[in-house]
Structure formats: C-alpha cells, structure tokens
Amino acid sequence: EKSGDTLNAVGYLGNLGAIYETMNEYDKAMKCYEKALKTNRKINYEQGIAINLVCIANLYSDLDDYNKSLQFALEALQINERLKDSSYLANNLNNISIIYQNKGDLKNSLITAERAYMCAPKTDINLIINARNSIGDILTAMKKYQQAKDWYMKNIDQLKSYNSLNLKSGTYRR
C-alpha cells in the first residue's frame, strides 16, 4: 500500500492469503483476507469486497465451518447479483452449492447449482462444466443416477465438440 496503488496492494494481500490457505496457515490467511476486505470496503470497491468475502467463505469451508462459510458466501452473492457479472455470479453460486452439499442440504445445493448453470456465460466452458459437474455430483448423492449421468454426458459431449473444433482449427495443444 505504500506504493499508493491500493487495488494492486489489495490483490497482493488476497494472493498472499491464498498462499497461506494452501499452506494450511489459516490464521495468516484470514488476516490477509480481512485486511483486503477492510481496504476494499474503505474504498467502496464492490467487486473486491465480493471476492474477499468468497475467499473468507472458502477458508471457513476448509475449516468445516459451513455456517460461517455460507454467511460470507451469501453476502458476496448479494453484491454479485447487484453487479450483474455473470461469471462471478455463476462461480459464487457454484461455491454456495458446494457449501450446501457439505452441510447435507442437497435440495438447496441442487437449486443453487442449477442457478449457477443458468447464470454461467455461454462462452465460459469452464463455468458451464463446473456447474454441470456440481449438478451431477448432487444428483449422484441423491441417488438419482440416470439424471446425474445425463448431466455428465452433456459435459463429455461438449468437450468432444470443443476438442474437435480445436483440432480442426489447428489450435489444439496438449
């Protein structure tokens, strides 16, 4: 922050928090996320606030505190709905779906995963595939195997089509 570039500094704090989280140093990660959140609130950078709230939600999920995780994820969702950024919204909804699933609330998990799928931009294959996988996982947990298979097959078909297009255009990379 001494450089005067507050947004970059906040981004670096978030990255540092993610490193600490990966290293299972949760207290250090939380301090970074909270400092970034406080700064984003101070400068009223809503997308940054939502990102920080999702990071904190994910950290609480790592700690198996799904009630706190859900609280932060839902707060981020309110912001993402207001900002109408379909990528952040779909990702946020997919995370909330996973939280519900971890809590054993498969009904709300499925509803939220379906919302994530509907919000995912049609051009973002990764978000679409993540949402479909979540739906398939939830349906599997609900023992609705045929429906789960149908969702997984949509991904397989899309990936076959995607890889075929890349092979034809000469841009396929391994």
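Residues numbered from 1 in each chain as written. Predicted model: local features only at pLDDT ≥ 70, side-chain atom pairs only at ≥ 80, totals over all residues. Heavy atoms only, no water.

A. Representation of the overall build of the protein in the model. Within the protein, the regular secondary structure consists of eight helices and zero strands. Overall, the protein shows an N-to-C arrangement of helices and strands of α-α-α-α-α-α-α-α. Overall, the protein is about 50 × 45 × 35 Å in size when its C-alpha atoms are taken along their principal axes. Burial analysis of the protein (174 residues in total) assigns 40% to the buried set. When the accessible surface of the protein is totalled, it reaches about 10400 Å², and 52% of it is carbon and sulfur. Charge separation in the protein, taken as the distance between the mean sites of 23 positive and 19 negative side-chain charges, equals 4 Å. (Helix = DSSP H or I, 4+ residues; strand = E, 2+ residues; numbered from the N terminus. Buried < 20%, exposed > 50% of the residue type's maximum accessible area, 1.4 Å probe, protein only. Areas by Shrake-Rupley, 256 points an atom, 1.4 Å probe, with all protein chains shown as cover. Lys, Arg positive; Asp, Glu negative; His and termini not counted. Charge placed at Lys NZ, Arg CZ, Asp CG, Glu CD.)

B. Molecular detail of the environment of Val-54. On the secondary structure map, Val-54 appears in helix 3 (residues 46–62). Those residues in contact with Val-54 that lie beyond four places of it in its chain are Ala-76, Asn-92 and Asn-95. (Contact = heavy atoms within 4.5 Å.)

C. Representation of the packing of aromatic side chains. Per the counting criterion, the structure on display carries two aromatic pairs. Ring centres of Tyr-60 and Phe-72 lie 5.6 Å apart, and the angle between their planes is 20 degrees; on these two criteria the pair is classed as stacked. Of this pair, Tyr-60 sits in helix 3 while Phe-72 sits in helix 4 (residues 66–83); the two residues are 12 residues apart in sequence, bridging distant segments of the chain. Seen from their ring centres, Tyr-117 and Trp-151 are 5.1 Å apart, and the 90 degrees between their planes marks the pair as edge-to-face. A residue pair is termed long-range when its members are at least 10 positions apart, and Tyr-117 in helix 6 (residues 106–119) and Trp-151 in helix 8 (residues 145–169) qualify at 34 residues. Across from the ring centre of Tyr-117, 5.5 Å away, lies the NZ or CZ of Lys-122, which sits over that ring. Taking the ring centre of Trp-151 as reference, the NZ or CZ of Lys-154 above it sits at 4.0 Å. (Phe/Tyr/Trp six-rings, centres within 6.5 Å; stacked < 30°, edge-to-face > 60°. Lys NZ or Arg CZ within 6 Å of the ring centre and 35° of its normal.)

D. Representation of a nonpolar patch on the surface in the model. Taken together, the side chains of Leu-7, Ile-43 and Tyr-45 make up a nonpolar region of the molecular surface, amounting to roughly 260 Å² of accessible area. Along the chain, Tyr-45 falls in the loop between helix 2 (26–43) and helix 3. (Patch = residues over 30% accessible without salt bridge, like charges linked within 9 Å, V, L, I, M, F, W, Y side chains within 5 Å. Salt bridge = Lys/Arg side-chain N within 4 Å of Asp/Glu carboxyl O.)

Function cannot be inferred from these measures alone, as they are strictly geometric.
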